[in-house]
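Residue strings, one per chain:
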Amino acid sequence: MKKIKFCDIFFNMNKDEFKEKIIKVKIDEVNINGEGFCFLDNGTKVCVKRVLPKEEVLVQKTFEKNNFINATLKEVLNKNPLRVQPKCPYYNICGGCDYQHLSSKNALKQKKEIITKYFSDLYNKEIKANKSQLDFNYRNKASFYVFENKVGFQKENSNKLIEIDNCMLLEPIINKALNIFKNWLIENKTKDINHFVIRTLNKKLIVTMVVEKTPKNLDKLLNCFKKEFVESSLGFYLNFNKQKNVILSDKWQHIFGLKFLEDEFEGIKYNVHPYSFLQVNNNVKNDIYKLVLQKIDNQVVIEGYSGAGLLSAILSKKAKKVIGVEINKKATKDAEKLKVLNNINNLENINGDCKTILPNLAKQYKKSIFVIDPPRSGCDLQTLTAIKENKIDKIIYISCNPYTLKQNVKFLGDEYKITDFQIFDMFPQTSNIESVVCLERVK
Ligand SMILES: C[S@@+](CC[C@H](N)C(=O)[O-])C[C@H]1O[C@@H](n2cnc3c(N)ncnc32)[C@H](O)[C@@H]1O
């Protein structure tokens, strides 16, 4: 692949435009979003991704307002000794990864340092950083964007498609399927496909083509897949969707083979449909669930934001009773199926909004443990208030956003203290940080 040179980008810019947009800065630190930052003499804060502390870099301004500049990296003038050459040829182009300029070991070390500093006012013991078994090829799901018979990812902060042949984060079987699809697309050009979604588990694969109408020569594509994969390990769906703002609609057509993927963990059998939510890094997901299981006893466990219910089902093996609360109807239905499949009778799945249901459960089960795994926006304040008012003893908080995690912990105030803080490298090569925090009521 051709390397884009600094001079190529600015070929069409006149000298003044060039000076205006490009600035030289020295990075102070990297923040919880993985962005390096520093301050100009006039106090303006500059944020830029894919840089390391103390590096001198040329950056291009992309946004400027009220003493704040967002910029993209153009050239590293003075490297931090930890900087390594990113392995992926699309690094800096597709925008999916933002930590490949560090070795995986140093990337996790940096995440630990950032989190330790960020939470230093709330926790002063050592934060344990748990590695991912796989540094690359760990993702079990990919959604490719299809446009004008090209397949790839959408460029960061843009609608532009970056065509790719291989993504180093994906399990290899997904890249193999991608290339079968690409070759078919070259021969059978069509405007009817918007996305190509692949999910894998235990070397089995479900392919979903997101289409406006059934594309021509679909049988040829199926034959290409059947040639390359054992038929019993393959499933194929069409999803009909004309909307551009969401990838999948509710209109599914099963075309061939497997309807769902199956797995088992901690004695719980589970099925994953192409629409189900499942953490993308299977090994790290299992490590997190094991830790939560260790931290509960034979008590009532209330799990807020419980998704398709896998964690609730696992916890039901040890808990007296588990109640899972989830807003997505399909996910709650899956959680019910999981309960039946595993013959669990101490588990209740409630479909609804945590902010209305969890406060009542906190009142009803004052001696319970709360496990919460909210989306990036964090836990609702009604639940946190009810936890405090009902003097719930223990909270296990799984978080994918350190910022909202900290806000929520602060909201709980002095009545709760963090007794264990661990981070998990759920998304190696990216700046995302997954945390599991145990909070206990101060007696
Ligand atoms: C990070 S996922 C966790 C899923 C699950 N714990 C797991 O490990 O697979 C967050 C879940 O919260 C659900 N959710 C988001 N807002 C919610 C709300 N207000 N009330 C209940 N569930 C909500 C989402 O549908 C999603 O399934």
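Trainee: Explain the packing of aromatic side chains to me, and be specific about the residues and the numbers.
Mentor: Counted according to the given criterion, the structure contains 13 aromatic pairs. Ring centres 5.9 Å apart and planes at 40° place the aromatic pair Tyr-123 and Phe-421 in the tilted group. One end of the pair, Tyr-123, is in the loop between helix 3 (104-118) and strand 7 (128-130); the other, Phe-421, is in strand 22 (residues 416-424), with 298 residues separating them in the sequence. Classification of Phe-421 as buried rests on a relative accessible area of 0%. Centre to centre, the rings of Phe-181 and Phe-196 are 3.8 Å apart; their planes meet at 5°, and the pair counts as stacked. Within this pair, whereas Phe-181 is found in helix 4 (residues 172-187), its partner Phe-196 is found in strand 11 (residues 193-201), the two being separated by 15 residues in sequence. The residues Phe-181 and Phe-196 share a single accessibility class, namely buried.

Trainee: Describe the sheet that holds strand 13 (residues 234-240), naming the residues involved and giving the relevant values.
Mentor: Where strands meet in a sheet, backbone hydrogen bonds hold them as pairs that are either parallel or antiparallel. Ordered in space as 10-9-8-11-12-13-14, the seven strands form an open sheet in which the pairing is mixed. The open sheet is flanked by strand 10 (161-163) and strand 14 (252-257), the only strands paired with a single partner. Strand-to-strand twist across the sheet, computed as the mean angle between neighbouring axes with direction ignored, equals 30°. As paired strands, strand 8 (residues 141-147) and strand 11 are joined by five bridges and run antiparallel to one another. Following the sheet pairing, Lys-141 is matched in strand 11 by Arg-199. Helix 4 rests against strand 8, strand 9 (150-154), strand 10, strand 11 and strand 12 (204-211) of the sheet, and its axis sits at about 150° to strand 11.

Trainee: Explain the pattern of salt bridges to me, and be specific about the residues and the numbers.
Mentor: In this structure the tally under the stated criterion is 18 salt bridges. Between Glu-64 and Lys-61 there is a salt bridge, and its shortest N-O distance comes to 3.4 Å. Overall, Glu-64 belongs to the exposed group, its relative accessible area being 52%. Since its relative accessible area comes to 19%, Lys-61 is described here as buried. Of the charged contacts in the structure, one is a salt bridge between Lys-355 and Asp-353, with a shortest N-O distance of 3.2 Å. Residue Lys-355 is classed as partly exposed on the basis of its relative accessible area of 36%. The class for Asp-353 is partly exposed, based on a relative accessible area of 27%. Counted as one network, the salt bridges with shared partners bring together Asp-121, Lys-406 and Lys-410.

Trainee: Break down the site of the ligand for me, with residues and values.
Mentor: Taken together, 16 residues form the shell around the ligand, and within it Tyr-289, Glu-326, Asp-353, Cys-354 and Asp-373 come nearest. With respect to the ligand, the side chain of Glu-326 contributes an N or O atom lying 2.6 Å from an oxygen atom. Ile-327 places a polar main-chain atom, nitrogen or oxygen, 3.1 Å from a nitrogen atom of the ligand. For the ligand, whose unbound accessible area comes to 600 Å², protein coverage reaches 82%. Its residues assigned to classes, the shell around the ligand shows seven nonpolar, five polar and four charged.

Calculation rules
Each chain carries its own residue numbering, running from 1 in the direction its sequence is written. Residue-level local features of this predicted model are given only where pLDDT is at least 70; pairs of side-chain atoms are given and counted only at 80 or more, and the full residue set underlies all totals for whole chains, interfaces and linings. Each side-chain value is derived from all of the structure's non-hydrogen atoms; neither hydrogens nor water enter the calculation. A pair of aromatic rings is counted whenever rings of Phe, Tyr or Trp (Trp by its six-membered ring) have centres within 6.5 Å, and the orientation is called stacked for planes under 30 degrees apart, edge-to-face for over 60 and tilted otherwise. Numbering of helices and strands starts at the N terminus; helices are DSSP runs of H or I of at least 4 residues and strands are runs of E of at least 2. Only protein chains enter the calculation, and the probe is 1.4 Å; a residue is then buried if its accessible area is under 20% of its type maximum, exposed if over 50%, and partly exposed in between. We treat two strands as partners when DSSP finds at least two bridges between them. Lines fitted to C-alpha atoms define the axes here, with helix axes fitted over just the stretch in contact, and angles between the N-to-C directions of these axes take values from 0 to 180 degrees. By the convention used here, residues are in contact when the closest approach between their heavy atoms is within 4.5 Å. By salt bridge we mean one thing: a side-chain nitrogen of Lys or Arg within 4 Å of a carboxyl oxygen of Asp or Glu. A molecule or strand has a residue near it when one of that residue's heavy atoms lies within 4 Å. Polar contact criterion, stated in full: a pair of N or O atoms within 3.5 Å, where within protein one must be able to donate a hydrogen and the other to accept it, and residues adjacent in sequence count only if both atoms are side-chain atoms. Per-residue accessibility takes into account occlusion by the displayed protein chains alone, with areas from the Shrake-Rupley method and a 1.4 Å probe. As a working rule, the residues Ala, Val, Leu, Ile, Met, Phe, Trp, Tyr, Cys and Pro are called nonpolar, Asp, Glu, Lys and Arg charged, and the rest polar, with Gly in that last group.

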